Amino acid sequence: MTRDQLQRVLLPLVVALVLIALWQWWVVAYDIPQFLVPSPLVVAQTLVNDWALLGAALLVTLKVTFLSLICSVLLGVAIAFAFVQSKWIETAFFPYAVLLQVTPIVAIAPLIIIWVRSPTASLVICATLVALFPIIANTTLGLRSVNPGLQSLFRMNRATRWQTLVRLRIPSALPYFFGGLRISSGLALIGAVVAEFVAGTGGTGTGLAYQILQSGYQLNIPRMFAALALITATGVALFALMGALSNWALGSWHESALTQSES
Amino acid sequence: MTTEPLTAAANDTPPAVSIDAAEKTYPNGTRALLPVNLTVRPGEFVTLLGPSGCGKSTLLNMVAGLLAPSAGAISVWGESPNARAYSAQRLSFVFQEATLMPWARVAANVRLPLDLQDVQRATADDRVSAALKLVGLEKFAESYPRELSGGMQMRASIARSLVTDPSLLLMDEPFGALDEITRNRLDDELLALWRSKGLTVIFVTHSIHEAVYLSSRVVVMAARPGRVVEEVFIAPNTPRDESFRVSTEFAAYAKKLQESLLRASANANEALA
């Protein structure tokens, strides 16, 4: 690990440690009651003690998040390909893709939960609706962002539509796609949590959002914080995972990956 | 060291490129190029020289078949550029920028035209090494384009255009983005390739010095509307080397072209006034 890489990991970690220490000091010094703000130590203890419950809930949330992310990628890429193949399809359907983006998921989640029998499936559908748009928009943009000179070169060599797609359009679109994937991974988690909040009031689901709701009703604030910490950690881990994936795929040639590993 | 003199016999062979009153008017009424008549004989090095907006790139794109003329006709080796039979073996295009695929190594970039024509891998690889050797990049076959300097990227681009063994090379300001020292060196390398491979070249530039140095014939063009104003033959037997660049002969040609360009733009201003 180089000095720069070490710094990139170390500096945020120091910030976190300082903030947690301040929090601990503040709660102890001012004698804040646990049901208002629990100290970091108490949250950590709860995390360990309630791990059976919280760990199972984390798995459920992770499952919904990954399933919806996979659905978003498959659907989003397929839709982007359709848009790029025909201007007609794009003109006809793009407004509806935008509609998907601007409709608040909280508003339509109850409907989906009523319509779809399986709780997991309904949560996955909700989260997919939230995470889908960045993949569609970025991949479409990427498939269109082809160097005009290279496009002429392919034309002059009488490349088939398939050759142009595989050898030119898809590689050109990859950096855009990975940009969309990073945004979507976060949105899939948010979608999974928000949908479960709505579904949880209907009495189904045992994910992290449901644990937060339950802890709220029981005024078990430390457990609420512990669940919240798990969601946050999941979000950070997802973002890092997508970054690593993008670096792995683009590392040898794209500027975004190069500046990260060289700066 | 001397360029091939244009013999009487060369005049009898069928032309490499024949442009017959080809013009380009865009649907919005802009006249990018007034009708042009131009015949390029096999083995000629013809340069289209003019300011931006004179239609030199338009003309080149029409010869390449990337743009259709709105009137008139163009044929390359006797074929119309629009025909699907238009064969890449006979014509290659070098763009203003290197236009290499950043995700592919140099060898894969150079192999692209062969891959698109489904040439067998072993045959293709042999031809790629030969093309890379021609431009002196054989050591960089496995490098990515970003690892090369601008001049080396342009060499890779030229290798890609030569890998199909074309007889006609179309070049659209290929060295415009390079510094003068690199550009002069690449000009020399291009001339050597032109001679050794018996290429026919149509070269677009806005540099008077480059035009004089490279060409056997310079077609002077003017803007608003884009048109051909004059053709200047550069003495074919003059050796092209550093002594030519500083000779009085070179300066005389440069002066002639400069005056021709100035006259053309003065006429355009009068027409506008």
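Quick caveat, the model's predicted, so the values are computed rather than measured.

1. Digging into the overall build of chain B
- Within chain B, the secondary structure is distributed over 9 helices and 9 strands.
- Over its C-alpha atoms chain B spans a radius of gyration of 19 Å, differing by no more than 12% from the 19 Å that the globule rule assigns to 273 residues.
- With respect to the three principal axes, the spread of C-alpha positions in chain B is 60 × 45 × 40 Å.
- Among the 273 residues that make up chain B, the fraction classed as buried is 43%.
- By sequence separation, contacts in chain B at least 24 residues apart represent 72% of the contacts at least 6 residues apart.

2. Remarks on the sheet that holds strand S5 (residues 91–94) of chain B
Residues and elements named next belong to chain B.
- Taken in spatial order, the 6 strands make up an open sheet running S5-S6-S7-S3-S8-S9, and their pairing is mixed. Across the chains shown, the open sheet's two edge strands, defined by having one partner strand only, are S5 and strand S9 (227–233). Put simply, the sheet's adjacent strands are angled 15 degrees from each other on average, direction ignored.
- As paired elements, strand S3 (residues 45–49) and strand S7 (residues 200–205) share 5 bridges and run parallel to each other. Note on S7: the bridge partner recorded for threonine 47 is phenylalanine 203.
- Here helix H5 (residues 150–162) sits on the sheet and contacts S5 and strand S6 (168–172); the angle it forms with S5, its principal contact strand, is near 165 degrees.

3. Some remarks on the nonpolar core
- B:Val63, B:Ala159, B:Leu170 and B:Ile202 are the most contacted members of the largest nonpolar core, which has 80 residues in total.
- With 6 residues, the single largest contributor to this core is helix H3 (residues 106–116) of chain B.
- In contact with B:Ile202, other than residues within four places in its own chain, are B:Val17, B:Val40, B:Val46, B:Leu48, B:Leu60, B:Val63 and B:Leu170.
- Judged by nonpolar contacts, the second largest core, of 54 residues, contains A:Val64, A:Ile125, A:Val130 and A:Leu250.

4. Some remarks on the domain arrangement of chain B
Residues and elements named next belong to chain B.
- By domain assignment, chain B separates into domain 1 (16–90 + 167–272) and domain 2 (100–165).
- Using C-alpha coordinates to define each centre, domain 1 is positioned 26 Å away from domain 2.
- At the interface, 10 residues of domain 1 touch 9 residues of domain 2.
- Sorting elements by how many residues they give to the side of domain 1 that touches domain 2 places helix H6 (residues 180–197) first, with 3 residues.
- For the side of domain 1 that touches domain 2, the residue count by class is 8 nonpolar, 2 polar and no charged.

Conventions used here
Residues numbered from 1 in each chain as written. Chains lettered and ligands numbered in written order. Predicted model: local features only at pLDDT ≥ 70, side-chain atom pairs only at ≥ 80, totals over all residues. Helix = DSSP H or I, 4+ residues; strand = E, 2+ residues; numbered from the N terminus. Rg over C-alpha atoms; globule rule 2.2 N^0.38 Å. Buried ≥ 20, exposed ≤ 12 C-beta atoms within 10 Å, placed from the backbone. Contact = placed C-beta atoms within 7 Å. Pairing = 2+ DSSP bridges. Axes fitted to C-alpha atoms, helices over the stretch in contact; angles between N-to-C directions. Core = buried A, V, L, I, M, F, W, Y, C linked by C-beta atoms within 7 Å. Domains from an automatic or database assignment. Nonpolar A, V, L, I, M, F, W, Y, C, P; charged D, E, K, R; others polar.

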